[in-house]
Amino acid sequence: MYKNLMAQFEKIWREAVDATAHSKSKQSHFRYRDSMKNFLWFCAEKFRLQKIANIGEKHLRAYVEYRRQEGISEKTLKNDLAAVRFFHRFTGSRNELPDNRALGLEKTPAGGKDRAWTEEEYRRMLEKAEKLGRADVVMAMKLARHAGLRIHECTRLTVGHVRDALKDGELEVKGKGGRVRRVPLRLELKVELERFLEERGGTRGEKIFVAPGEKTHRVIKSIQKFIERHREEITDRPITFHGLRHAYAREELACRLEHPEKYGFRRVSPERAAKLEVAELLGHGRPEVTSVYTGK
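For the protein, an unreviewed UniProt entry supplies the name Integrase family protein and the organism Desulfofundulus kuznetsovii. Taken directly from UniProt, the Function (unreviewed entry) text for the protein runs: "Site-specific tyrosine recombinase, which acts by catalyzing the cutting and rejoining of the recombining DNA molecules."

Rendered as structure tokens:
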């Protein structure tokens, strides 16, 4: 489904770029392209959408809910929807897409929020999950904190993925838009994965978080709800699962900026190279995205 949508999108993309080359920068076009690819991946996965021209209100409403569950900011979400509306103009569709107000999007506040978890918040939430016997929450949190995985990337992992990662030292992750990346396994994560796999068992094709017959979206919801339910006991901030990726990104960037020679960066202006590398670890292709995760 996704490949079919992307074939359609390539034609729309070329037409849109040609028509707006005078009014939009190349950077804006590619930023919109990334957002649209993520949206099309979602529509293919959830709705089995076959034609881009059929995109309508229900797709946007579902996407808004999905992105909010991931902890995405309202500003980022608005940018995503702006990309969808931009390309929608070139589809020839008669469907009218609702505006941000109709979708219940809030006004974007001035200044960004610090979404990264502190080490104290992370430690206390782990202790809570361990105490309540939620090994799935513990393992998912560690994958987000030490490998930068999104919640749906965690639930895609199979026993085979983990075994290969333990052997190779890198975890292969399939993210948004079908983008595949390889994330180096930190020692602490390797030890935890070995223990988790030993206790769980299973064949190569079995998912490590989703049992046979179980619905993936319910597993995701269960992990997210656990954090929502107990966060007031941990902190006075509205932390989300996605904030663990922010903490991971911040730590990875700091390591590269403090020791550029270790990563093969030149000492002169290593920041952009470091941000690009971290963006790739997160499953993005642009260094500017790293700044969204790391903040000031």
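Read on, since the account is not over.
This brings us to the nonpolar core. In this structure, Met 141, Leu 143, Phe 209 and Phe 241 are the most contacted members of the largest nonpolar core, which totals 50 residues. Here the element with the most residues in this core is helix 6 (residues 135-147); it accounts for eight residues.

What follows deals with the UniProt feature "domain: Core-binding (CB)" (unreviewed entry) in the protein. The positions UniProt marks with the feature "domain: Core-binding (CB)" (unreviewed entry) are residues 4-92. For the annotated span residues 4-92, helix accounts for 75% and strand for 0% of the residues, and the straight-line distance between the end C-alpha atoms is 17 Å.

To continue, consider the pairing of strand 2 (residues 180-184). Of the two faces of strand 2, the one holding Arg 181 and Val 183 is buried and the one holding Val 180, Arg 182 and Pro 184 is not buried anywhere. Here strand 1 (residues 170-174) pairs with strand 2 via five bridges, running antiparallel. Within strand 2, the position partnered with Lys 174 by the bridge is Val 180.

Turning to the side chain of His 242, a few remarks are in order. One can find His 242 in the loop between helix 10 (216-234) and helix 11 (243-258). We classify His 242 as buried; its relative accessible area is 6%. Other than its neighbours up to four places away in sequence, His 242 contacts Glu 70, Gly 71, Ile 72 and Tyr 293.

With that settled, consider the environment of Ile 52. When you line up the elements, Ile 52 lands in the loop between helix 2 (26-47) and helix 3 (57-69). For Ile 52, a relative accessible area of 1% puts it in the buried group. C-alpha separation for the pair Ile 52 and His 88, spaced 36 residues apart in sequence, amounts to 8.1 Å.

What follows covers the layout of surface pockets. What the second largest pocket holds in volume is close to 540 Å³. The wall of the second largest pocket is formed by 18 residues, among which Phe 42, Lys 46, Tyr 66, His 217 and Ile 220 lie closest to the centre. Contributions of two or more residues to the lining of the second largest pocket are made by helix 2, helix 3, helix 7 (151-156) and helix 10. Per-element tally for the lining of the second largest pocket: the top contributor is helix 10, with five residues.

Among all positions of helix 8 (residues 159-168), only Val 159, Gly 160, Val 162, Ala 165 and Leu 166 are buried. Packing partners of the buried residues in helix 8 comprise strand 1 and helix 9 (187-200). Immediately beyond the C-terminal end of helix 8, within one or two residues, lies Gly 169, with a positive phi of roughly 85°.

Let's shift gears to the pairing of strand 1. Burial along strand 1 is one-sided: Leu 171 and Val 173 are buried, and none of Glu 170, Glu 172 and Lys 174, which face the opposite way, are. If you look at the hairpin formed by strand 1 and strand 2, you'll find five residues sitting between the two strands, and Gly 177 has a positive phi there, around 65°.

On to the pattern of salt bridges, then. The tally for this structure, following the rule as stated, stands at 27 salt bridges. The salt bridge involving Arg 145 is made with Glu 251; its shortest N-O contact spans 3.0 Å. With Arg 145 in helix 6 and Glu 251 in helix 11, this residue pair connects regions lying 106 residues apart in the sequence. The class for Arg 145 is buried, based on a relative accessible area of 4%. By relative accessible area, which is 31% here, Glu 251 ends up partly exposed. In the salt-bridge network here, residues are joined through shared partners; they are Glu 119, Arg 145, Arg 186, Glu 251, Glu 252, Arg 256 and Glu 277.

Moving on, we come to the packing of aromatic side chains. The final tally for this structure, using the stated rule, is 13 aromatic pairs. Considering the side-chain rings of Phe 86 and Phe 87, the 4.9 Å spacing of their centres and the 70° angle between planes classify their relative orientation as edge-to-face. Side by side, Phe 86 and Phe 87 carry an identical accessibility label, which is buried. On the basis of an interplanar angle of 35° and a centroid distance of 5.8 Å, the ring pair of Phe 196 and Phe 209 is categorised as tilted.

Rules used in this analysis
Residues numbered from 1 in each chain as written. Predicted model: local features only at pLDDT ≥ 70, side-chain atom pairs only at ≥ 80, totals over all residues. Heavy atoms only, no water. UniProt positions renumbered as here; feature names shortened; annotations may be inferred. Core = buried A, V, L, I, M, F, W, Y, C linked by side-chain atoms within 4.5 Å. Buried < 20%, exposed > 50% of the residue type's maximum accessible area, 1.4 Å probe, protein only. Helix = DSSP H or I, 4+ residues; strand = E, 2+ residues; numbered from the N terminus. Pairing = 2+ DSSP bridges. Contact = heavy atoms within 4.5 Å. 1 Å grid on protein atoms, 1.4 Å probe; cavity = no way out; pocket = protein on both sides within 12 Å on 5 of 7 lines; lining within 4 Å. Points joined across faces, edges and corners; volume = space filled by probe spheres on them. Salt bridge = Lys/Arg side-chain N within 4 Å of Asp/Glu carboxyl O. Phe/Tyr/Trp six-rings, centres within 6.5 Å; stacked < 30°, edge-to-face > 60°.

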